[in-house]
Every structure is written in structure tokens, then in C-alpha cells.
Amino acid sequence: MTKCNTGKRLYTSEALAEDALIGAHINFDYRTGSGPVAIYKCDECGNYHLTSHGEMNKRLALQLQSGFIQKQKQAARWQDKLK
Ligand SMILES: [Zn+2]
């Protein structure tokens, strides 16, 4: 199945969904309390989706705290400038 009734983008594994969740925070400037914060397994399609509700994903929380996301954001900006 490549589409889900929820209309959300789906990821076939937890790891892929987590990477996408972290990638989203690198690529977009979410204000605190907005944007996707977690992943969940979908009852409709059996794959994983991102959600802006619920408790923050542990890996995302760690990477926000450690400054990893901020660093990646800066790196991405520099890459844009060099294009
Ligand atoms: Zn689904």
C-alpha cells in the first residue's frame, strides 16, 4: 500500500519516520509548540506517520537539546549560499 486514508505521508519503518521527523526540524523553522513532534504506527495502513500531537519523540528531543538540529540548520543554510 502506498497511500493511506488519512492522506498523510507514510513511512514504511519507524527509523525512516524518525529520520523524516528530524529532517523536518532541520529544514523548517518551527516555532516552539508547532510542527511534527512524534511518529506513530497507523491503524489504517500499518505504516508510520508524523504527528504534531502527543509527547515529543525521544531522539528528536535529544537532538534539539544537544544543538544538533541547530548545527544542521546552519550547515544547510551555508550549502544554500554556496549553490
Ligand atoms: Zn496510515
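These remarks concern the structure in this document. Values in this document were obtained by computation on a predicted structure and should not be read as measured data. (Residues numbered from 1 in each chain as written. Predicted model: local features only at pLDDT ≥ 70, side-chain atom pairs only at ≥ 80, totals over all residues.)

**Considerations on the overall build of the chain**
Link 1 in the chain: Scanning the chain from N- to C-terminus turns up three helices and two strands.
Link 2 in the chain: Oriented by its inertia axes, the alpha-carbon framework of the chain measures out at about 40 × 30 × 20 Å.
Link 3 in the chain: Residues counted as buried form 16% of the 83 residues belonging to the chain.
Link 4 in the chain: Sequence separation of at least 24 residues holds for 52% of the intrachain contacts in the chain that already meet a minimum separation of 6. (Helix = DSSP H or I, 4+ residues; strand = E, 2+ residues; numbered from the N terminus. Buried ≥ 20, exposed ≤ 12 C-beta atoms within 10 Å, placed from the backbone. Contact = placed C-beta atoms within 7 Å.)

**Topic: the environment of Ala-75**
Link 1 in the chain: When you line up the elements, Ala-75 lands in helix 3 (residues 68–82).
Link 2 in the chain: Remark: the alpha-carbon pair of Ala-75 and Ile-26, spanning 49 residues in sequence, is separated by 9.6 Å.

**A closer look at the environment of Ser-52**
Link 1 in the chain: When you line up the elements, Ser-52 lands in the loop between strand 2 (48–51) and helix 2 (58–65).
Link 2 in the chain: As a C-alpha pair, Ser-52 and Ser-66 span 14 residues in sequence and 21 Å in three-dimensional space.
Link 3 in the chain: The contacts of Ser-52, once residues within four sequence positions are left out, are Gly-35, Pro-36 and Val-37.

**A word on the pairing of strand 2**
Put simply, side chains in a regular strand alternate between the two faces of the sheet.
Link 1 in the chain: Note that strand 1 (residues 38–41) and strand 2 share four bridges and pair antiparallel. Bridge pairing in strand 2 links Tyr-40 to His-49.
Link 2 in the chain: Counting the residues that bridge the hairpin from strand 1 to strand 2 gives six residues, and of these Gly-46 lies at a positive phi of roughly 80°. (Pairing = 2+ DSSP bridges.)

**Let's talk about the nonpolar core**
Link 1 in the chain: The biggest cluster of nonpolar side chains holds nine residues, and these are Leu-10, Ala-17, Leu-21, Ile-22, Val-37, Ile-39, Tyr-48, Leu-50 and Leu-60.
Link 2 in the chain: Of all the secondary structure elements, the ones that give two or more residues to this core are helix 1 (14–27) and strand 2.
Link 3 in the chain: If one sorts the elements of this core by residue count, helix 1 sits on top with three residues.
Link 4 in the chain: Ignoring any residue separated from it by four or fewer positions in sequence, one finds Leu-21 in contact with Pro-36, Ile-39, Leu-50, Asn-57 and Leu-60. (Core = buried A, V, L, I, M, F, W, Y, C linked by C-beta atoms within 7 Å.)

**Points about the packing of helix 1 against helix 3**
Link 1 in the chain: At their nearest, the axes of helix 1 and helix 3 sit 8 Å apart, and the two run at 60° to each other. Relative to helix 3, the element helix 1 lies oblique. Relative to helix 3, the crossing made by helix 1 is right-handed. Counted together, His-25, Ile-26 and Asn-27 of helix 1 and Ile-69, Gln-72, Lys-73 and Ala-76 of helix 3 form the full contact between these two elements.
Link 2 in the chain: Looking at the contact of helix 1 with helix 3, its residues break down into three nonpolar, three polar and one charged. (Axes fitted to C-alpha atoms, helices over the stretch in contact; angles between N-to-C directions. Parallel < 35°, antiparallel > 145°, perpendicular 65-115°, else oblique. Left-handed = near helix turned anticlockwise from the far one by under 90°. Nonpolar A, V, L, I, M, F, W, Y, C, P; charged D, E, K, R; others polar.)

As far as function goes, none of this settles anything; it's purely spatial.
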